[in-house]
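# Observations on the model geometry
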Amino acid sequence: KIIVVEDTRGQPFCLLLKGRSVHNAPVAINVLSLFDLPGITILVDKAYGTAEILDYIQQQDGDYAIPPKSNTRNPWRCDWVLYQERHLVECFFLKLKQFRRVATRYDKLASSFLAFVYLAAIAILLK
């Protein structure tokens with residue numbers, strides 16, 4: 001899986017690969033630890049709405065707009081207007097998947113796949 005961190009204009013500045021069997025929470029906390037969170041609102045999908053991630057964001061004085069899963073016992077409030085800005089990430093993935101090599105994952109090694117993802121992201125930013 002590709003993990004992308006973008007700015008408010010939809011431009012990626014952090015690209016990582018995550019194994020399919022690795023849970024989202026530890027990876028997300030490691031990625032979030034790279035940034036100063038006070039005053040920043042984190043916009044991610046429901047898969048990252050775990051207690052560990054939410055607690056980490058709150059401890060760092062950050063804010064989040066993460067919708068709760070449908071089976072959550074104590075759902076939290078989500079700012080849906082702000083959450084709509086997440087479409088920038090989805091648009092980036094759509095542009096990234098137009099590169100056939102990324103969409104079909106021809107590369108056997110994760111390092112060569114990530115290298116081509118970097119190249120594709122650079123090509124997207126140069127357009």
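Predicted model only: the values in this text are computed from it and were never measured.

## Description of the overall build of the chain
A count of helices and strands for the chain gives 6 helices and 4 strands. Secondary structure elements of the chain occur, N-terminal to C-terminal, as β-β-α-β-α-β-α-α-α-α. Relative to the globule expectation of 14 Å for 127 residues, the C-alpha radius of gyration of the chain, 15 Å, shows essentially globular dimensions. Principal-axis analysis of the C-alpha atoms gives the chain an extent of 40 × 30 × 30 Å. Taking all 127 residues of the chain together, the buried fraction comes to 38%. If you take every contact in the chain between residues at least 6 apart in sequence, the share linking residues at least 24 apart comes to 40%. With an accessible surface of roughly 8400 Å², the chain has 55% of that area assigned to carbon and sulfur atoms. If the 16 positive side-chain charges of the chain are averaged to one point and the 12 negative ones to another, these points end up 13 Å apart.

## Focus: the environment of S21
Residue position: S21 is located in the loop between β2 (12-17) and α1 (24-32). For S21, a relative accessible area of 75% corresponds to the exposed category. For S21 and E6, which are 15 residues apart along the polypeptide, the C-alpha to C-alpha distance reads 24 Å.

## Here we look at the packing of helix α4 (residues 87-96) against helix α6 (residues 110-126)
Their axes nearest at 10 Å, the elements α4 and α6 cross at an angle of 110°. With respect to their mutual orientation, α4 and α6 come out roughly perpendicular. Contacts between α4 and α6 involve F92, K95 and L96 from the first element and V117, A120, A121 and I124 from the second. Residues of the contact of α4 with α6, tallied by class, amount to 6 nonpolar, no polar and 1 charged.

## Describing the nonpolar core
Counting 19 residues, the largest nonpolar core has L32, I42, Y48, I53, I57, Y64 and I66 as the members making the most contacts within it. Counting residues per element, the ones that place at least two in this core are β1 (2-6), α1 and α2 (51-59). In terms of residue count, α1 provides more of this core than any other element does, 5 residues in total.

## As for the side chain of R86
As for its position among the elements, R86 is in the loop between α3 (80-83) and α4. The class of R86 is buried, set by a relative accessible area of 14%. A polar atom in the side chain of R86 sits 2.9 Å from the side chain of E90. The contacts of R86, once residues within four sequence positions are left out, are L43, V44 and D45.

## Side note on α6
With 17 residues, α6 extends 24 Å between its outermost C-alpha atoms, agreeing within 8% with the 24 Å of an ideal straight helix rising 1.5 Å per residue. Within the span of α6, buried status applies to F113, L114, V117, A120, A121 and I124. Projected down its long axis, α6 shows its buried positions confined to an angular sector of 115°, all on one face. Exposed residues lying more than 90 degrees from the buried face of α6 are S111, L119 and L126. Structurally, α6 contributes buried residues whose contacts are with β1, β2, α4 and α5 (100-104).

Reading guide: rules and limits
- Residues numbered from 1 in each chain as written.
- Predicted model: local features only at pLDDT ≥ 70, side-chain atom pairs only at ≥ 80, totals over all residues.
- Heavy atoms only, no water.
- Helix = DSSP H or I, 4+ residues; strand = E, 2+ residues; numbered from the N terminus.
- Rg over C-alpha atoms; globule rule 2.2 N^0.38 Å.
- Buried < 20%, exposed > 50% of the residue type's maximum accessible area, 1.4 Å probe, protein only.
- Contact = heavy atoms within 4.5 Å.
- Areas by Shrake-Rupley, 256 points an atom, 1.4 Å probe, with all protein chains shown as cover.
- Lys, Arg positive; Asp, Glu negative; His and termini not counted.
- Charge placed at Lys NZ, Arg CZ, Asp CG, Glu CD.
- Axes fitted to C-alpha atoms, helices over the stretch in contact; angles between N-to-C directions.
- Parallel < 35°, antiparallel > 145°, perpendicular 65-115°, else oblique.
- Nonpolar A, V, L, I, M, F, W, Y, C, P; charged D, E, K, R; others polar.
- Core = buried A, V, L, I, M, F, W, Y, C linked by side-chain atoms within 4.5 Å.
- Polar contact = N/O pair within 3.5 Å; in protein donor to acceptor, adjacent residues only side chain to side chain.
- Expected span 1.5 Å × (residues − 1).
- Arc of directions from axis to C-beta.

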